[in-house]
Amino acid sequence: MATAGLALNDGKTLPQLGFGLWQVPEDQTARVVREGLAAGYRLIDGAAIYGNEAGLGEGLRSSPVARDEVFVTTKVWNDRQGTASTRKAVEESLARIGLPSVDLMLIHWPCPERGMFLETWKTLIALREEGKVASIGVSNFRVADLEVIIGETGVVPVLNQIELHPRLQQAELRAFHAAQGIVTQSWTPLGQGRCFEAAPVRAVAARAGKSPAQVILRWHLQLGCSVIPRSTRAAGLAENLDIFDFSLTEAEMAAMSTLEAGERTGPDPAEFN
Ligand code: NDP
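Given the structure is predicted, the values throughout are model-derived calculations rather than measurements.

Q: Tell me about the nonpolar core, residues and numbers included.
A: By size, the foremost hydrophobic cluster in this structure holds 66 residues, and its most contacted members are L21, I44, W121, L124 and L146. No other element matches the six residues that helix 8 (residues 212-223) contributes to this core. Setting aside chain neighbours within four positions, we find L146 in contact with V138, F141, P157, N160, L173, F176, H177 and I182. Among the nonpolar cores identified, the runner-up in size contains eleven residues, and L8, L14, L43 and L159 belong to it.

Right, dumping it as C-alpha cells:
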C-alpha cells in the first residue's frame, strides 16, 4: 500500500510513486484510475494532450478514495503557452477533470523556439496565487530553461518531470535539481522495456525474487526520484506498487549506473517545439 511522500519546496507532500495515463484510451481511463486507487496509488499523472482528463475525473469520482487523499497532476500543452492561452487551457483542464483545482500543474515542454515558457511560468505563478492550482512545476526543462524561470521570477518549480530510465540516467539534471530543491520525476521509467534483459537488472531480480520492472522502479526510488509507470492492466498496476519489501545494495546501484547510454525514447527537449 501507498507510498512514501517526498517534501516539495512549497510545503506540500508528493506521493513518490504514482501511475501515468499517457496512451491510456479515454474509454479505459476511469477503470485504470479506479484500479490504481484501489491498489493503493495516490498519485495520478495526467495531461491535456493525453485526451483522457474526463476519464481521470470520472475515475476519481467513482472511486471510494477521498479526493483529498489523491494527488492529481496535469499539464499545459505546447500550443497553449502564453498568458491568455494558458489561463484558458488550465480552466479547460479543470472543467474536463471536474475539479475546482488540481494538486500540480506542469508546463509540458519548454519549446525553446516558441520563446514563451517564461510568460507561461509567470501565468502558473498567478494561477497558484488564485488557488486554481496548488503546486506548479515543469516537465522536460533543461538546466538552462530552469535557470531562466528561476532567475526571472525567483519561484522554483516543485518538480521537473523528465525522461529517466537506466539508459538515460540524467545525472546532470538530477544534481541541479538536488541543489535547487526540485524533485526529479521520471517519465517512461521502464524505458519501454529496453533494460529488462540487462545483466544488473536480471541479477537483482534473481536475488530478490522480483520482476525486472520492479527492480527498475525500485532503482528510481533509491535515486530519490518520484516515478510514474503506466500499466493498463490491474496486475501490472499492482506489480509496480509492490516494491517496498526489498532494496538494491550500493553495489547493485553502482552496477545499474553502468547502463547509462544517453539513449532517449522520446524527443530531445532542445528540438521539440
Ligand atoms: P513506462 O516506462 O511506464 O512503460 C509503459 C509500458 O510498460 C506499457 O507498455 C506497459 O504495458 C508496460 N509495463 C508496465 N508495467 C509493466 C510491468 N510490471 N512489466 C512489464 N511491462 C510493464 O512508459 P510511459 O511512456 O507510459 O511513461 C509513464 C508515464 O510517464 C506516462 O504514462 C505519462 O504519464 C508520463 N510521461 C510523460 C511525458 C512528458 O513529456 N512529461 C512523456 C512520456 C510519458 P501494459 O499496459 O500492458 O502493462
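Q: Give a detailed account of the pattern of salt bridges, specifying residues and quantitative values.
A: This structure, assessed with the given rule, holds 16 salt bridges. Measuring nitrogen to oxygen at the nearest pair gives 3.6 Å for the salt bridge that ties E91 to K132. Taken as a pair, E91 in helix 3 (residues 83-97) and K132 in the loop between helix 4 (117-129) and strand 7 (133-139) lie far apart in primary sequence, 41 residues in all. We classify E91 as partly exposed; its relative accessible area is 38%. A salt bridge links K210 to D245, with the nearest nitrogen and oxygen atoms 2.9 Å apart. On the criterion of sequence distance, the pair formed by K210 in the loop between helix 7 (199-208) and helix 8 and D245 in the loop between helix 9 (234-241) and helix 10 (250-257) is long-range, its members being 35 residues apart. For D245, a relative accessible area of 53% gives the class exposed. Overlapping salt bridges bring together R80, K88 and E92 as one network.

Q: Summarise the site of the ligand; cite the residues concerned and give the values.
A: Around the ligand sit 26 residues in total, of which D45, Q161, R230, S231 and N240 are the nearest. Measuring from a nitrogen atom of the ligand, one finds a side-chain N or O atom of Y50 at 3.4 Å. Here an oxygen atom of the ligand and a side-chain polar atom of N140 are 2.9 Å apart. Across the complex, the protein chains shield 85% of the 900 Å² of accessible surface that the ligand would expose by itself. Most atoms of the ligand, that is more than half of them, are within 2 Å of grid points of the largest pocket. Here the residues of the shell around the ligand sort into eleven nonpolar, ten polar and five charged.

Q: Provide a residue-level description of the packing of helix 7 against helix 10, including the pertinent values.
A: Interaxial distance between helix 7 and helix 10 falls to 9 Å at its minimum, and their mutual angle equals 150°. Regarding the angle of helix 7 to helix 10, the classification is roughly antiparallel. Here helix 7 contributes P200, V201, V204 and R207 to the contact with helix 10, which in turn contributes E252, A255 and M256. Partitioned by chemical class, the residues of the contact of helix 7 with helix 10 number five nonpolar, no polar and two charged.

Q: Mind laying out the pairing of strand 9 (residues 183-187), listing which residues take part and the relevant values?
A: Within strand 9, five of the five residues are buried, which leaves it mostly tucked inside the rest of the structure. Relative to strand 9, strand 8 (residues 159-163) runs parallel, the two being bridged by five bridges. Residue pairing for strand 9: I162 is matched across the bridge by S186. In this fold, the crossover linking strand 8 to strand 9 by way of helix 6 (residues 171-180) has right-handed handedness. Examined bridge by bridge, strand 9 and strand 10 (residues 226-227) share two bridges and lie parallel to one another.

Q: Which residues make up the side chain of S211, and what values do they have?
A: As for its placement among the helices and strands, S211 is situated in the loop between helix 7 and helix 8. Judged by relative accessible area, S211 falls into the buried class, the value being 18%.

Q: Break down the sheet that holds strand 10 for me, citing the residues and quoting the values.
A: With parallel pairing, eight strands are arranged side by side in an open sheet as 3-4-5-6-7-8-9-10. Strands at the two margins of the open sheet, each flanked by one partner only, are strand 3 (19-20) and strand 10. Strand contacts of helix 3: strand 5 (71-76), strand 6 (102-107) and strand 7, with the helix running at about 140° to strand 5, the strand carrying the most contacts.

Q: Go over the side chain of S231, please, and point to the residues and values.
A: Relative to the assigned elements, S231 resides in the loop between strand 10 and helix 9. Overall, the relative accessible area of 8% leaves S231 in the buried class. Of note is the side chain of S231, whose polar atom sits 3.1 Å from the backbone nitrogen of R233. Setting aside anything within four residues of it in sequence, one finds S231 in contact with V32, G236, L237 and N240.

Q: Describe unusual backbone geometry, listing the residues and the values that go with them.
A: A positive phi angle, close to 65°, is found at Q23, a residue other than glycine. If you trace the backbone, Q23 turns up in the loop between strand 3 and helix 1 (26-39). Even without being glycine, C111 reaches a positive phi, approximately 50°.

Cut-offs and rules
Residues numbered from 1 in each chain as written. Predicted model: local features only at pLDDT ≥ 70, side-chain atom pairs only at ≥ 80, totals over all residues. Heavy atoms only, no water. Core = buried A, V, L, I, M, F, W, Y, C linked by side-chain atoms within 4.5 Å. Buried < 20%, exposed > 50% of the residue type's maximum accessible area, 1.4 Å probe, protein only. Helix = DSSP H or I, 4+ residues; strand = E, 2+ residues; numbered from the N terminus. Contact = heavy atoms within 4.5 Å. Salt bridge = Lys/Arg side-chain N within 4 Å of Asp/Glu carboxyl O. Near = heavy atom within 4 Å. Polar contact = N/O pair within 3.5 Å; in protein donor to acceptor, adjacent residues only side chain to side chain. Areas by Shrake-Rupley, 256 points an atom, 1.4 Å probe, with all protein chains shown as cover. 1 Å grid on protein atoms, 1.4 Å probe; cavity = no way out; pocket = protein on both sides within 12 Å on 5 of 7 lines; lining within 4 Å. Sits in = over half its atoms within 2 Å of the grid points. Nonpolar A, V, L, I, M, F, W, Y, C, P; charged D, E, K, R; others polar. Axes fitted to C-alpha atoms, helices over the stretch in contact; angles between N-to-C directions. Parallel < 35°, antiparallel > 145°, perpendicular 65-115°, else oblique. Pairing = 2+ DSSP bridges. Right-handed = clockwise from strand over helix to strand, strands pointing away.

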